[in-house]
Every structure is written in C-alpha cells, then in structure tokens.
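# Fold and contact review
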Amino acid sequence: MTTRTEKATPVPYLDLPAQMRAIRSEVDAAIARTLENCSFCLGPDVARFEEEFAKYVGAKHCVAFNSGTSALHVAMLLLNVGAGDEVITTPFTFVATSWAISYVGAKPVYVDIDEATFNLDPKLVEKSITPRTKVVMPVHLYGHPADLDPLLGVCRKHKLPLVEDAAQAHGATYRGKIVGTFGEMSCFSFYPGKNLGAYGEGGGLATNNADYAARAKALRDHGSTKRYYHDEIGYNYRMEGIQGAVLAVKMKYIEKWTRERRRVAHRYNELLADTPLQLPKEADNAESAWHLYVVRHPRREELKKHLEANGVGCGLHYPVPLHLQKCYAHLGYKEGDFPVAEKAARECLSLPIYPEMTEEQIQRVAEVLQEFFKGQ
Ligand SMILES: Cc1ncc(COP(=O)(O)O)c(C=O)c1O
C-alpha cells in the first residue's frame, strides 16, 4: 500500500489500453485478415462471431448489429410494437433502453426499481399492465440480472413477451444460467467500454426463435434477404467486419475477464465493508458480470470530488432517471413518481472496475474512500 509521503499513482476509471496491450498481436492479425478478404460489412468475421456469441449465451441464434441501440430497436420491430403501444421498463438505465420504444412510436411506461439491485421491481410491474402493454423490458443493470422468475411469471400470466436489455451483462448468471435466453430475445452492446467491447460500435440480438433471427437479419440489412429486393422497410444496422474480427478474438477471454471483474468486486466488498458506503450486493440466485461496481452514499458529490482530487477516476450511472429527462417531459412524469430510482440517481457512484486492475490499485481506491470517512 502507498504510504502518505509517496505520491500515489492515479487509478483510471477505465483502462482500455491495458486490455489492448494484452491481446494486441492477436487483434492485429485478425484485422489484417479482414483487410485481406475486404469483408468490411458483415462477412465471415461477423458470422463467426455471431456463432460463438450465440454458443456462449446458450442461444440458437445471434444477430450482430452496429450498436446495442439498433438491436433494441429491431427487438421492438420484431414484436410488432408500434404507435399507441406501451412497453414497461425501468427509469434507471442508460437512455438507449427507452430510445428503442420511442423509435417505434410506442410509450415507455416506467416502473420503480428494487433498492438492493437497482433493477425493475417485479412487485410493481403487474399494476402497470394495461390493454396497451406489448412488452416488458427489464435491464440487467451494471451487470446484475434483473429478477427474472417473477417477471416471467407476470409475463406468462398476461401473455406478454419479455425482452432482456443485457447491454451491460455479458456472462451474468441467473439461477446458474447465463442471461440472454430467459425472454423472447435479448440485446447486447459491444460498445468499447462494455465487458465485451468492439473497437468501435457494436451490438447483438440473441434469440432461440429462428423466425425472429431471420427477420432481424433482414431488418439490419435494408429489409432485404436478396440484394435489391426489399420486403419491408429496413435499416442499415450491419456490424462492420473489423468489429466482428476483434470481438471473435475477445470471445476467447470473456470468461477470464468476467472472473477478474469478480475478483475486483469481491476485494472491494472486503475492503469497504467497514465504511458507511452502501455496497452493491448480489441476489442469492444471481451472479453479476460486474460491468460496474456502484456504491451509494448521500454525500456522493463530495465523495466524487475527493476521489478525483486523489487521482481516482469514478463515474455516475446515472445522475438523472429517464422520467425526469427533458426529452421525456411529454410523458408527464414528475419528481417523486419513482422515489427509489430518484434516490439511486442522487447517491450512486461508480468505482473503477476492469479485469486488469491490480491489487495495489484496488487498495488505493479503498484507501482514498476510507480517508474520506476518517474522523466522521
Ligand atoms: C443498458 C443499456 N442499454 C442499451 C445500450 C445501448 O448500447 P449501444 O451504446 O451499443 O448502442 C447501452 C449502452 O450503453 C446500455 O448500457
């Protein structure tokens, strides 16, 4: 541990260069192959990645996209969600979850979250179902699975499909099974900072339904299965060949990286146990993929300044819940509608977490946090 007289090395919030260094030669070779075969849009590298990712998730099909947002949009199209329909989801997530609903002209209907896991509270979902409800879309926020059994129970009772927004949850498990096949389909993001990140934008949709997969492939490619024949209005949502090549390399490491993230999270749990921080907890039937390690404290702003002043990076996920965002003012929600989400937005603080984090870095973060509370 660093003594007070030494100048401590800063701990970045995220360290993508560290991961890049470890796999650089493999990535260079994979990209060189893509350059040789000139398959820049979809192509064999993307097809290989789709196959490997589907196998990893345990799904029959994976369809690769140019972003997680596109995959979510297509998920709504596959379920024929449109104007006048409602989709039940969480107000405490990245905005893209709601974009998908808005893009098809439907209305996001928010339901408050569970205090412990930050995820959609299953107890509140049923009350929000109306004849217009078309889909229930939980998010596995920060990598922690939503409580799927009760959610699926409500969906079965009301004959509603469930779509998993698994953008942050590659490799998280619920009842011992990797998330991504609990609902009709699931959507992943491969944005660079995600647990499985491309070297640019990327996304994927996983499903066991061959019809959905076939239609998703057409929708991402201008609505066509045969060149220049367009069966329905489609999009240019194709994954780039280079991203498929990079992701196929990274697939070899995803299990190891998830284990390393767990190591970091468990060390934080030990080192911060005696602080007044509210630490993240895993539900008994779930294992988080630890995309983020989010602590809570009412003095979050001071804490953030203190960390940054001491060279420790941190993040806010998310400072404003979606029902209070300007872009959703027309939905008519107001402050106080979702008190648990609003409190989480005020108190949450994301600490650095990545597979390459060293024991010294973890200890340094803990030490800076402990200093904040000393004598209080
Ligand atoms: C929960 C959630 N949903 C959707 C997305 C959208 O993914 P992308 O950034 O790949 O479009 C993200 C990514 O930031 C996310 O965190």
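Description of the structure in this document. Keep in mind that what you see is a predicted model, and the values were worked out from it rather than measured. (Residues numbered from 1 in each chain as written. Predicted model: local features only at pLDDT ≥ 70, side-chain atom pairs only at ≥ 80, totals over all residues. Heavy atoms only, no water.)

In this section: the overall build of the chain. Regarding its fold elements, the chain presents 12 helices and 12 strands. Over its C-alpha atoms the chain spans a radius of gyration of 21 Å, differing by no more than 12% from the 21 Å that the globule rule assigns to 376 residues. Each principal axis of the C-alpha distribution contributes one length, and for the chain these read about 70 × 55 × 35 Å. Counting across all 376 residues of the chain, residues that qualify as buried make up 57%. Considering only intrachain contacts with a sequence separation of at least 6, the fraction spanning at least 24 residues in the chain is 71%. Carbon and sulfur atoms form 53% of the exposed surface of the chain, whose accessible area is close to 16400 Å². Taking the average location of the 45 positive side-chain charges in the chain and that of its 46 negative ones, the two points are 2 Å from each other. (Helix = DSSP H or I, 4+ residues; strand = E, 2+ residues; numbered from the N terminus. Rg over C-alpha atoms; globule rule 2.2 N^0.38 Å. Buried < 20%, exposed > 50% of the residue type's maximum accessible area, 1.4 Å probe, protein only. Contact = heavy atoms within 4.5 Å. Areas by Shrake-Rupley, 256 points an atom, 1.4 Å probe, with all protein chains shown as cover. Lys, Arg positive; Asp, Glu negative; His and termini not counted. Charge placed at Lys NZ, Arg CZ, Asp CG, Glu CD.)

In this section: the site of the ligand. Near the ligand you find 15 residues, and of these G68, T69, D165, S189 and K194 are the closest. At 2.8 Å, a backbone N or O of G68 approaches an oxygen atom of the ligand. Within the side chain of Q168, one N or O atom sits 2.9 Å away from an oxygen atom of the ligand. In isolation the ligand offers 390 Å² of accessible surface; the protein chains occlude 93% of this area. A molecule is said to occupy a pocket when more than half its atoms come within 2 Å of that pocket's grid points, and by this definition the ligand occupies the largest pocket. Looking at the shell around the ligand, the elements that each hand over two or more residues are α3 (68–78) and α4 (96–103). Ranked by residue count, the leading element in the shell around the ligand is α3, at 3 residues. For the shell around the ligand, the per-class residue count stands at 5 nonpolar, 8 polar and 2 charged. (Near = heavy atom within 4 Å. Polar contact = N/O pair within 3.5 Å; in protein donor to acceptor, adjacent residues only side chain to side chain. 1 Å grid on protein atoms, 1.4 Å probe; cavity = no way out; pocket = protein on both sides within 12 Å on 5 of 7 lines; lining within 4 Å. Sits in = over half its atoms within 2 Å of the grid points. Nonpolar A, V, L, I, M, F, W, Y, C, P; charged D, E, K, R; others polar.)

The next thing to look at is the layout of surface pockets. In this structure, the largest pocket occupies an estimated 560 Å³ of space. Those elements that place two or more of their residues in the lining of the largest pocket are α3, α4 and β8 (185–189). The element best represented in the lining of the largest pocket is α3, accounting for 3 residues. In the lining of the largest pocket, the residues fall into 14 nonpolar, 12 polar and 4 charged. (Points joined across faces, edges and corners; volume = space filled by probe spheres on them.)

Attention shifts here to the nonpolar core. Counting residues in each nonpolar core, the largest one holds 43 residues, and the members touching the most others are F49, F53, V125, F190 and L196. Those residues in contact with F49 that sit more than four places away from it in its chain are F190, L196, M239, G244, L247, A248 and M251. Core analysis: the second largest hydrophobic core is formed by 27 residues, L72, L77, L205 and A216 among them. (Core = buried A, V, L, I, M, F, W, Y, C linked by side-chain atoms within 4.5 Å.)

The next subject is the packing of helix α1 (residues 16–37) against helix α8 (residues 241–251). Packed helix pairs are specified by the crossing angle of their axes together with the interaxial distance, meaning the distance between the axes. At their nearest, the axes of α1 and α8 sit 9 Å apart, and the two run at 135 degrees to each other. With respect to each other, α1 and α8 are oriented oblique. Taken as a pair, α1 and α8 cross one another with a handedness that is right-handed. For the pair formed by α1 and α8, the contact residues are Q19, I23, E26, V27, A30, I31, T34 and L35 on the first element and G241, I242, A245, V246, V249 and K250 on the second. (Axes fitted to C-alpha atoms, helices over the stretch in contact; angles between N-to-C directions. Parallel < 35°, antiparallel > 145°, perpendicular 65-115°, else oblique. Left-handed = near helix turned anticlockwise from the far one by under 90°.)

Two elements in contact, α3 and α4, have axes whose closest approach is 8 Å; the angle formed by their N-to-C orientations is 40 degrees. It follows from the interaxial angle that α3 and α4 lie oblique. The way α3 lies across α4 gives a crossing that is right-handed. Packed against α3, whose contacting residues are T69, L72, H73 and M76, the element α4 presents A96, T97, W99, A100, I101 and Y103 at the interface. Of the residues belonging to the contact of α3 with α4, the class tally is 7 nonpolar, 3 polar and no charged.

Here we come to the side chain of H170. Within the secondary structure, H170 sits in the loop between β5 (163–165) and β6 (173–174). We classify H170 as buried; its relative accessible area is 0%. At 2.8 Å, the side chain of H170 and the backbone oxygen of S189 are in polar contact. What H170 contacts, discounting residues up to four positions off in sequence, is F53, Y56, F188, S189, F190, K194, N195, L196, I254, T258 and A289.

Right, let's talk about helix α10 (residues 300–309) for a bit. Inspection of α10 places R300, L303, K304, H306 and L307 among the buried residues, and these make up the whole buried set. One side of α10 carries all its buried residues, which in axial view fall inside an arc of 165 degrees. Within α10, the exposed residues directed more than 90 degrees away from the buried face are K305 and A309. Residues of α10 that are buried make contact with α11 (339–347), β12 (348–351) and α12 (359–373). Of the residues one or two after α10, G311 is the one with positive phi, at around 80 degrees. (Arc of directions from axis to C-beta.)

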